[in-house]
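A closer look at the structure
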Amino acid sequence: MTGLVAAHRARYGMAPAMVARAPGRINLIGEHTDYNEGFVLPAAVDREATVVATPRADRRLRLHSLDLDPPADLGLDDLQPAGAWHDYPAGVAAMLLRAGYPVRGADLTLASTVPLGGGLSSSAALEVSTALALAAVGGFTVPPRDLALLCQRAEHEFPGVNCGIMDQFISVFGRRDSAILLDCRSLDARAVPLDAPDLVFAVTDSGVRHALAGGEYNRRRQECAEAVATLRAALPDIVSLRDVTPAQLAANAALFDGTPELATAYRRARHVVTENARVLATIAAIEAHDWHKVGELLYASHASLRDDYEVSVPELDALVELARGLADAGVLGARLMGGGFGGSTLTLLRREALPAFTTAVEADYAARTGHPATVRAVTLVDGASVAPFAADTSTDNS
(Lines give C-alpha, C1' and ligand atoms only; values in the text may rest on other atoms or scores of the structure.)
Protein backbone atom coordinates (compact mmCIF):
# COMPACT_ATOMS: atom_id res chain seq x y z
CA MET A 1 0.00 0.00 0.00
CA THR A 2 3.03 2.30 0.34
CA GLY A 3 2.92 3.26 -3.34
CA LEU A 4 -0.76 4.13 -3.13
CA VAL A 5 -0.28 6.28 -0.03
CA ALA A 6 2.74 8.03 -1.58
CA ALA A 7 0.69 8.84 -4.69
CA HIS A 8 -2.11 10.22 -2.51
CA ARG A 9 0.32 12.42 -0.57
CA ALA A 10 1.98 13.65 -3.75
CA ARG A 11 -1.31 14.57 -5.39
CA TYR A 12 -3.28 15.96 -2.47
CA GLY A 13 -0.59 17.07 -0.03
CA MET A 14 -1.69 15.01 2.95
CA ALA A 15 -1.96 11.47 4.23
CA PRO A 16 -5.22 9.59 3.76
CA ALA A 17 -7.66 9.30 6.64
CA MET A 18 -9.26 6.02 5.62
CA VAL A 19 -8.36 2.93 3.61
CA ALA A 20 -10.96 0.59 2.13
CA ARG A 21 -10.44 -2.69 0.29
CA ALA A 22 -12.82 -4.90 -1.64
CA PRO A 23 -11.96 -8.19 -3.34
CA GLY A 24 -12.59 -9.42 -6.82
CA ARG A 25 -14.16 -12.81 -7.24
CA ILE A 26 -14.26 -16.08 -9.03
CA ASN A 27 -17.56 -17.73 -9.82
CA LEU A 28 -17.34 -21.49 -9.52
CA ILE A 29 -20.50 -21.93 -11.57
CA GLY A 30 -23.72 -20.09 -12.33
CA GLU A 31 -22.90 -17.73 -15.20
CA HIS A 32 -25.54 -15.30 -16.52
CA THR A 33 -28.03 -16.69 -14.01
CA ASP A 34 -27.85 -13.79 -11.55
CA TYR A 35 -29.87 -11.30 -13.57
CA ASN A 36 -32.36 -14.10 -14.25
CA GLU A 37 -32.99 -14.39 -10.46
CA GLY A 38 -31.23 -17.74 -10.35
CA PHE A 39 -28.41 -19.36 -8.38
CA VAL A 40 -24.70 -18.56 -8.37
CA LEU A 41 -21.69 -19.93 -6.50
CA PRO A 42 -19.02 -17.19 -6.24
CA ALA A 43 -16.06 -16.75 -3.91
CA ALA A 44 -14.03 -13.66 -3.03
CA VAL A 45 -10.34 -13.94 -3.97
CA ASP A 46 -7.01 -12.39 -3.09
CA ARG A 47 -7.11 -9.73 -5.82
CA GLU A 48 -8.58 -6.46 -4.60
CA ALA A 49 -9.31 -2.81 -5.22
CA THR A 50 -7.96 -0.43 -2.58
CA VAL A 51 -9.11 3.15 -2.03
CA VAL A 52 -7.47 5.66 0.29
CA ALA A 53 -9.46 8.77 1.10
CA THR A 54 -9.20 12.17 2.75
CA PRO A 55 -12.29 14.29 3.52
CA ARG A 56 -12.70 17.76 2.02
CA ALA A 57 -14.52 20.81 3.35
CA ASP A 58 -16.24 21.52 0.01
CA ARG A 59 -18.53 19.50 -2.30
CA ARG A 60 -15.80 18.29 -4.66
CA LEU A 61 -15.00 14.64 -5.33
CA ARG A 62 -11.49 14.26 -6.70
CA LEU A 63 -10.51 10.86 -8.08
CA HIS A 64 -7.06 9.62 -9.05
CA SER A 65 -6.33 6.06 -10.16
CA LEU A 66 -2.89 4.47 -10.33
CA ASP A 67 -4.21 2.25 -13.11
CA LEU A 68 -6.49 4.46 -15.23
CA ASP A 69 -6.45 7.95 -16.76
CA PRO A 70 -7.41 10.75 -16.63
CA PRO A 71 -8.01 11.95 -13.07
CA ALA A 72 -11.40 13.50 -12.34
CA ASP A 73 -12.59 16.51 -10.35
CA LEU A 74 -16.36 16.33 -9.93
CA GLY A 75 -19.06 18.26 -8.13
CA LEU A 76 -21.10 16.08 -5.79
CA ASP A 77 -24.26 18.00 -6.66
CA ASP A 78 -23.93 17.45 -10.40
CA LEU A 79 -22.79 13.86 -10.91
CA GLN A 80 -23.58 12.54 -14.39
CA PRO A 81 -22.35 9.60 -16.50
CA ALA A 82 -19.38 10.67 -18.59
CA GLY A 83 -18.37 7.52 -20.48
CA ALA A 84 -15.09 7.34 -18.55
CA TRP A 85 -13.55 5.06 -15.92
CA HIS A 86 -14.63 7.39 -13.14
CA ASP A 87 -18.29 6.56 -13.85
CA TYR A 88 -17.86 3.65 -11.44
CA PRO A 89 -16.89 5.64 -8.32
CA ALA A 90 -18.99 8.64 -9.36
CA GLY A 91 -22.03 6.41 -9.77
CA VAL A 92 -21.51 5.06 -6.27
CA ALA A 93 -21.41 8.59 -4.84
CA ALA A 94 -24.57 9.48 -6.77
CA MET A 95 -26.44 6.44 -5.49
CA LEU A 96 -25.37 7.14 -1.90
CA LEU A 97 -26.67 10.67 -2.23
CA ARG A 98 -29.93 9.49 -3.78
CA ALA A 99 -30.41 7.11 -0.86
CA GLY A 100 -30.11 10.03 1.56
CA TYR A 101 -26.62 9.42 2.93
CA PRO A 102 -24.59 12.52 3.91
CA VAL A 103 -21.79 12.14 1.38
CA ARG A 104 -19.12 14.80 1.80
CA GLY A 105 -16.40 15.97 -0.50
CA ALA A 106 -13.32 13.77 -0.59
CA ASP A 107 -10.00 13.16 -2.29
CA LEU A 108 -9.65 9.51 -3.33
CA THR A 109 -6.72 7.57 -4.72
CA LEU A 110 -7.46 4.15 -6.13
CA ALA A 111 -5.46 1.09 -7.17
CA SER A 112 -6.39 -2.46 -8.02
CA THR A 113 -4.79 -5.86 -8.38
CA VAL A 114 -7.97 -7.21 -10.02
CA PRO A 115 -7.21 -7.54 -13.76
CA LEU A 116 -9.32 -5.13 -15.77
CA GLY A 117 -11.62 -7.00 -18.13
CA GLY A 118 -10.32 -10.32 -16.87
CA GLY A 119 -13.61 -11.73 -15.58
CA LEU A 120 -12.84 -11.28 -11.86
CA SER A 121 -15.17 -8.29 -11.50
CA SER A 122 -12.80 -5.40 -11.18
CA SER A 123 -15.80 -3.07 -11.46
CA ALA A 124 -17.60 -4.42 -8.37
CA ALA A 125 -14.38 -4.33 -6.35
CA LEU A 126 -13.92 -0.67 -7.29
CA GLU A 127 -17.54 0.18 -6.52
CA VAL A 128 -17.62 -1.51 -3.11
CA SER A 129 -14.27 -0.10 -1.97
CA THR A 130 -15.35 3.38 -3.07
CA ALA A 131 -18.65 3.09 -1.23
CA LEU A 132 -16.91 2.04 1.98
CA ALA A 133 -14.36 4.86 1.68
CA LEU A 134 -17.03 7.52 1.10
CA ALA A 135 -19.07 6.19 4.02
CA ALA A 136 -16.02 6.27 6.28
CA VAL A 137 -15.01 9.84 5.47
CA GLY A 138 -18.67 10.90 5.69
CA GLY A 139 -19.10 9.36 9.13
CA PHE A 140 -21.95 7.01 8.24
CA THR A 141 -22.44 3.30 7.63
CA VAL A 142 -24.50 1.45 5.05
CA PRO A 143 -26.01 -1.97 5.87
CA PRO A 144 -24.03 -4.59 3.91
CA ARG A 145 -26.93 -5.82 1.76
CA ASP A 146 -27.94 -2.24 0.95
CA LEU A 147 -24.31 -1.50 0.08
CA ALA A 148 -24.24 -4.30 -2.49
CA LEU A 149 -27.56 -3.26 -4.03
CA LEU A 150 -26.50 0.37 -4.16
CA CYS A 151 -23.29 -0.51 -6.00
CA GLN A 152 -25.28 -2.63 -8.45
CA ARG A 153 -27.55 0.35 -9.19
CA ALA A 154 -24.48 2.50 -9.74
CA GLU A 155 -23.22 0.12 -12.42
CA HIS A 156 -26.64 0.07 -14.08
CA GLU A 157 -27.04 3.82 -14.23
CA PHE A 158 -23.53 5.21 -14.80
CA PRO A 159 -21.44 2.74 -16.89
CA GLY A 160 -24.73 1.34 -18.22
CA VAL A 161 -24.12 -2.37 -17.54
CA ASN A 162 -27.31 -4.10 -16.40
CA CYS A 163 -25.42 -6.56 -14.21
CA GLY A 164 -26.94 -8.90 -11.67
CA ILE A 165 -26.20 -8.70 -7.97
CA MET A 166 -23.60 -11.46 -7.70
CA ASP A 167 -20.40 -9.45 -8.12
CA GLN A 168 -21.20 -6.73 -5.62
CA PHE A 169 -22.71 -9.23 -3.16
CA ILE A 170 -19.68 -11.50 -3.00
CA SER A 171 -17.29 -8.53 -2.77
CA VAL A 172 -19.17 -7.52 0.40
CA PHE A 173 -20.00 -10.95 1.86
CA GLY A 174 -17.07 -13.16 0.84
CA ARG A 175 -15.98 -15.83 3.31
CA ARG A 176 -12.44 -17.17 3.67
CA ASP A 177 -11.97 -20.72 2.29
CA SER A 178 -15.60 -20.87 1.16
CA ALA A 179 -17.83 -20.18 -1.78
CA ILE A 180 -21.23 -18.59 -1.24
CA LEU A 181 -24.42 -20.09 -2.64
CA LEU A 182 -26.53 -17.04 -3.45
CA ASP A 183 -30.19 -17.04 -4.41
CA CYS A 184 -30.31 -13.94 -6.60
CA ARG A 185 -34.06 -13.52 -6.11
CA SER A 186 -34.30 -13.59 -2.32
CA LEU A 187 -30.61 -12.75 -1.63
CA ASP A 188 -30.58 -15.68 0.78
CA ALA A 189 -27.03 -16.97 1.00
CA ARG A 190 -25.06 -19.68 2.73
CA ALA A 191 -21.40 -20.55 2.88
CA VAL A 192 -20.20 -23.67 1.09
CA PRO A 193 -16.85 -24.67 2.65
CA LEU A 194 -14.21 -25.82 0.20
CA ASP A 195 -12.21 -27.99 2.57
CA ALA A 196 -9.97 -29.63 0.00
CA PRO A 197 -6.35 -28.53 0.60
CA ASP A 198 -5.09 -30.74 -2.22
CA LEU A 199 -7.14 -28.79 -4.78
CA VAL A 200 -6.64 -25.33 -6.22
CA PHE A 201 -8.58 -22.97 -8.45
CA ALA A 202 -6.51 -21.31 -11.16
CA VAL A 203 -7.60 -18.26 -13.11
CA THR A 204 -6.08 -18.07 -16.58
CA ASP A 205 -6.24 -14.67 -18.23
CA SER A 206 -6.73 -15.20 -21.96
CA GLY A 207 -5.19 -11.84 -22.85
CA VAL A 208 -8.41 -10.94 -24.67
CA ARG A 209 -10.15 -8.00 -23.02
CA HIS A 210 -13.89 -7.74 -22.79
CA ALA A 211 -16.04 -4.63 -22.40
CA LEU A 212 -19.47 -5.56 -21.13
CA ALA A 213 -20.82 -2.04 -21.55
CA GLY A 214 -20.31 -2.54 -25.29
CA GLY A 215 -23.77 -4.02 -25.72
CA GLU A 216 -23.55 -7.83 -25.90
CA TYR A 217 -24.17 -8.33 -22.18
CA ASN A 218 -27.26 -6.14 -22.24
CA ARG A 219 -28.44 -7.89 -25.40
CA ARG A 220 -28.28 -11.28 -23.68
CA ARG A 221 -30.36 -9.89 -20.85
CA GLN A 222 -33.00 -8.69 -23.32
CA GLU A 223 -33.04 -12.08 -25.06
CA CYS A 224 -33.76 -13.74 -21.72
CA ALA A 225 -36.66 -11.35 -21.17
CA GLU A 226 -38.00 -12.29 -24.62
CA ALA A 227 -37.80 -15.96 -23.70
CA VAL A 228 -39.84 -15.33 -20.53
CA ALA A 229 -42.46 -13.40 -22.49
CA THR A 230 -42.73 -16.27 -24.98
CA LEU A 231 -43.00 -18.94 -22.30
CA ARG A 232 -45.81 -17.11 -20.53
CA ALA A 233 -48.17 -18.39 -23.23
CA ALA A 234 -47.84 -21.81 -21.57
CA LEU A 235 -46.52 -20.86 -18.13
CA PRO A 236 -48.41 -17.68 -17.21
CA ASP A 237 -47.18 -17.49 -13.62
CA ILE A 238 -43.45 -17.32 -14.33
CA VAL A 239 -41.59 -14.14 -13.40
CA SER A 240 -38.15 -15.01 -14.72
CA LEU A 241 -36.22 -17.96 -16.13
CA ARG A 242 -35.56 -18.92 -12.51
CA ASP A 243 -39.14 -20.28 -12.49
CA VAL A 244 -38.61 -22.62 -15.46
CA THR A 245 -37.20 -26.14 -15.24
CA PRO A 246 -35.25 -27.78 -18.08
CA ALA A 247 -38.17 -30.19 -18.58
CA GLN A 248 -40.69 -27.35 -18.85
CA LEU A 249 -38.54 -25.52 -21.37
CA ALA A 250 -38.10 -28.63 -23.50
CA ALA A 251 -41.84 -29.34 -23.37
CA ASN A 252 -42.57 -25.86 -24.74
CA ALA A 253 -39.85 -25.69 -27.37
CA ALA A 254 -42.47 -25.33 -30.13
CA LEU A 255 -43.29 -21.84 -28.85
CA PHE A 256 -39.91 -20.75 -30.16
CA ASP A 257 -40.42 -21.95 -33.74
CA GLY A 258 -40.91 -19.49 -36.54
CA THR A 259 -38.15 -16.88 -36.46
CA PRO A 260 -34.39 -16.81 -35.91
CA GLU A 261 -34.93 -14.42 -32.99
CA LEU A 262 -37.17 -16.92 -31.21
CA ALA A 263 -34.71 -19.74 -31.83
CA THR A 264 -31.97 -17.60 -30.28
CA ALA A 265 -34.15 -16.81 -27.27
CA TYR A 266 -34.72 -20.54 -26.77
CA ARG A 267 -30.98 -21.25 -26.68
CA ARG A 268 -30.42 -18.43 -24.21
CA ALA A 269 -33.16 -19.83 -21.98
CA ARG A 270 -31.76 -23.35 -22.25
CA HIS A 271 -28.42 -22.17 -20.95
CA VAL A 272 -29.96 -20.37 -17.98
CA VAL A 273 -32.29 -23.15 -16.83
CA THR A 274 -29.65 -25.86 -17.19
CA GLU A 275 -27.02 -23.67 -15.52
CA ASN A 276 -29.28 -23.20 -12.49
CA ALA A 277 -29.53 -26.97 -12.27
CA ARG A 278 -25.74 -27.27 -12.58
CA VAL A 279 -25.21 -24.90 -9.65
CA LEU A 280 -27.31 -27.07 -7.36
CA ALA A 281 -25.64 -30.22 -8.67
CA THR A 282 -22.23 -28.67 -7.99
CA ILE A 283 -23.19 -27.94 -4.39
CA ALA A 284 -24.19 -31.59 -3.93
CA ALA A 285 -20.94 -32.79 -5.50
CA ILE A 286 -18.81 -30.49 -3.31
CA GLU A 287 -20.59 -31.66 -0.18
CA ALA A 288 -20.00 -35.27 -1.28
CA HIS A 289 -16.32 -34.45 -2.06
CA ASP A 290 -16.93 -35.72 -5.60
CA TRP A 291 -14.45 -33.42 -7.29
CA HIS A 292 -14.50 -35.31 -10.58
CA LYS A 293 -18.22 -34.57 -10.79
CA VAL A 294 -17.53 -30.91 -10.05
CA GLY A 295 -15.05 -30.88 -12.94
CA GLU A 296 -17.59 -32.46 -15.30
CA LEU A 297 -20.10 -29.77 -14.39
CA LEU A 298 -17.54 -27.04 -15.13
CA TYR A 299 -16.96 -28.47 -18.59
CA ALA A 300 -20.71 -28.74 -19.18
CA SER A 301 -21.14 -25.11 -18.13
CA HIS A 302 -18.51 -24.02 -20.64
CA ALA A 303 -20.16 -25.96 -23.47
CA SER A 304 -23.49 -24.31 -22.67
CA LEU A 305 -21.95 -20.84 -22.52
CA ARG A 306 -20.19 -21.50 -25.82
CA ASP A 307 -23.05 -23.05 -27.78
CA ASP A 308 -26.32 -21.80 -26.26
CA TYR A 309 -25.36 -18.45 -24.76
CA GLU A 310 -22.65 -17.72 -27.36
CA VAL A 311 -20.38 -15.69 -25.10
CA SER A 312 -17.16 -17.62 -25.59
CA VAL A 313 -14.36 -16.78 -28.00
CA PRO A 314 -11.77 -19.09 -29.60
CA GLU A 315 -9.12 -18.14 -27.04
CA LEU A 316 -11.30 -19.20 -24.10
CA ASP A 317 -12.21 -22.43 -25.89
CA ALA A 318 -8.51 -23.13 -26.44
CA LEU A 319 -7.76 -22.75 -22.73
CA VAL A 320 -10.57 -25.12 -21.80
CA GLU A 321 -9.36 -27.69 -24.31
CA LEU A 322 -5.81 -27.41 -22.97
CA ALA A 323 -7.19 -28.16 -19.51
CA ARG A 324 -9.20 -31.12 -20.79
CA GLY A 325 -6.06 -32.60 -22.31
CA LEU A 326 -4.36 -32.68 -18.90
CA ALA A 327 -6.84 -34.92 -17.10
CA ASP A 328 -4.17 -37.54 -16.43
CA ALA A 329 -2.01 -34.88 -14.76
CA GLY A 330 -4.78 -33.97 -12.33
CA VAL A 331 -6.76 -31.23 -14.07
CA LEU A 332 -10.42 -31.83 -13.21
CA GLY A 333 -12.44 -29.20 -15.07
CA ALA A 334 -12.51 -25.74 -16.60
CA ARG A 335 -14.86 -23.16 -18.03
CA LEU A 336 -14.97 -19.55 -19.09
CA MET A 337 -15.73 -17.25 -16.19
CA GLY A 338 -17.46 -13.89 -16.08
CA GLY A 339 -19.53 -12.25 -18.77
CA GLY A 340 -17.57 -13.79 -21.62
CA PHE A 341 -16.29 -12.28 -24.90
CA GLY A 342 -12.77 -12.55 -23.49
CA GLY A 343 -11.42 -12.45 -19.98
CA SER A 344 -10.47 -15.58 -18.07
CA THR A 345 -11.12 -19.24 -17.53
CA LEU A 346 -11.44 -20.97 -14.18
CA THR A 347 -9.72 -24.33 -13.79
CA LEU A 348 -10.11 -26.82 -10.94
CA LEU A 349 -7.05 -29.02 -10.53
CA ARG A 350 -5.00 -31.02 -8.09
CA ARG A 351 -2.39 -28.79 -6.50
CA GLU A 352 0.43 -30.96 -7.82
CA ALA A 353 -0.92 -30.45 -11.38
CA LEU A 354 -0.49 -26.66 -11.28
CA PRO A 355 3.09 -26.62 -12.66
CA ALA A 356 2.18 -28.93 -15.56
CA PHE A 357 -0.93 -26.88 -16.35
CA THR A 358 1.00 -23.62 -16.21
CA THR A 359 3.75 -24.99 -18.46
CA ALA A 360 1.20 -26.30 -20.98
CA VAL A 361 -0.56 -22.94 -21.14
CA GLU A 362 2.70 -21.05 -21.55
CA ALA A 363 3.99 -23.44 -24.21
CA ASP A 364 0.86 -24.07 -26.27
CA TYR A 365 -1.65 -21.26 -25.86
CA ALA A 366 0.34 -18.46 -27.46
CA ALA A 367 1.25 -20.73 -30.38
CA ARG A 368 -2.44 -21.51 -30.94
CA THR A 369 -3.85 -18.01 -30.49
CA GLY A 370 -1.13 -15.39 -30.77
CA HIS A 371 -1.93 -14.15 -27.25
CA PRO A 372 0.06 -14.68 -24.05
CA ALA A 373 -1.87 -16.11 -21.10
CA THR A 374 -1.23 -15.76 -17.38
CA VAL A 375 -2.10 -18.49 -14.86
CA ARG A 376 -2.78 -17.41 -11.27
CA ALA A 377 -3.78 -19.70 -8.44
CA VAL A 378 -6.20 -17.86 -6.16
CA THR A 379 -6.91 -17.95 -2.45
CA LEU A 380 -10.45 -17.52 -1.14
CA VAL A 381 -10.71 -14.56 1.23
CA ASP A 382 -13.14 -12.53 3.32
CA GLY A 383 -15.20 -9.70 1.89
CA ALA A 384 -14.64 -5.95 1.94
CA SER A 385 -13.42 -3.90 4.89
CA VAL A 386 -12.59 -0.31 5.82
CA ALA A 387 -10.41 1.14 8.59
CA PRO A 388 -8.70 4.36 9.62
CA PHE A 389 -5.36 4.73 7.90
CA ALA A 390 -2.42 3.92 10.16
CA ALA A 391 0.90 4.94 8.61
CA ASP A 392 2.96 2.61 10.76
CA THR A 393 1.07 -0.46 9.50
CA SER A 394 1.38 0.37 5.79
CA THR A 395 3.08 -2.27 3.69
CA ASP A 396 4.05 -2.14 0.05
CA ASN A 397 1.61 -4.38 -1.84
CA SER A 398 0.63 -2.09 -4.66
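First, a word on scope: everything that follows refers to the structure included in this document. Chains are numbered independently. Their residues run from 1 in the order of the written sequence. With the structure being a predicted model, the display of local features is reserved for residues of pLDDT at least 70 and the display and counting of side-chain atom pairs for 80 or more, all residues being used for whole-chain, interface and lining totals. The basis for the side-chain values is all heavy atoms of the structure; hydrogens and waters are excluded.

**Some points on the overall build of the protein**
- Where helices and strands are cited, they refer to DSSP runs of H or I of at least four residues and of E of at least two residues respectively, numbered from the N terminus. Looking only at helices and strands, the protein features eleven helices and 13 strands.
- Using C-alpha atoms as the atom set, the radius of gyration is obtained and then compared with a globule rule of 2.2 Å times the number of residues to the power 0.38. For 398 residues, the compact-globule formula gives about 21 Å, and the C-alpha radius of gyration of the protein, at 21 Å, lands near that figure.
- Considering only C-alpha atoms, the protein reaches an extent of 65 × 50 × 40 Å along its principal axes.
- Type-normalised accessible area, obtained with a 1.4 Å probe on protein chains alone, sets the label of each residue: buried when under 20%, exposed when over 50%, and partly exposed for intermediate values. Here the protein holds 398 residues, and 56% of them are scored as buried.
- Summarising the internal contacts of the protein: among those between residues at least 6 apart in sequence, 74% fall at separations of at least 24.
- Computed with a 1.4 Å probe, the accessible areas rest on the Shrake-Rupley method; for each residue, only the protein chains presented here act as cover. Within the structure as shown, the protein displays about 15,300 Å² of accessible surface, and the carbon and sulfur contribution to it stands at 52%.
- As used throughout, the charge tally considers Lys and Arg to be positive and Asp and Glu to be negative, leaving His and the chain termini uncounted. All charge positions are set by atom: Lys at NZ, Arg at CZ, Asp at CG, Glu at CD. Averaging the locations of the 35 positively and 48 negatively charged side chains of the protein gives two centres separated by 3 Å. Residues are treated as being in contact if the distance between any of their heavy atoms lies within 4.5 Å.

**A word on the sheet that holds strand β10 (residues 331–337)**
- Each pair of strands is called paired provided DSSP finds at least two bridges between the two strands. Within the open sheet, the four strands sit side by side as β10-β11-β9-β12. Their pairing is antiparallel. Each having just a single partner strand, β10 and β12 (374–378) make up the two edges of the open sheet. This sheet shows a mean twist of 25 degrees between the axes of neighbouring strands, independent of strand direction.
- Where strand β9 (residues 199–205) meets β12, five bridges bridge the pair, whose relative direction is antiparallel. Helix axes are fitted only over the stretch in contact, all axes being lines through C-alpha atoms; the angle between N-to-C directions runs from 0 to 180 degrees.

**Observations concerning the packing of helix α4 (residues 144–157) against helix α5 (residues 166–173)**
- In contact at an axis separation of 8 Å, α4 and α5 are set at 145 degrees when each is read in the N-to-C sense. Remark: the crossing between α4 and α5 carries right-handed chirality. Contact residues: P144, R145, L147, A148, C151, Q152 and E155 in α4; Q168, F169, V172 and F173 in α5.
- In the scheme used here, Gly and all other residues not listed as nonpolar or charged are polar, with Ala, Val, Leu, Ile, Met, Phe, Trp, Tyr, Cys and Pro taken as nonpolar and Asp, Glu, Lys and Arg as charged. For the contact of α4 with α5, the class distribution of residues is seven nonpolar, two polar and two charged. If you view the pair so one helix is near and one far, a crossing is left-handed when the near helix is turned anticlockwise from the far one by less than a right angle, and right-handed when it is turned clockwise.

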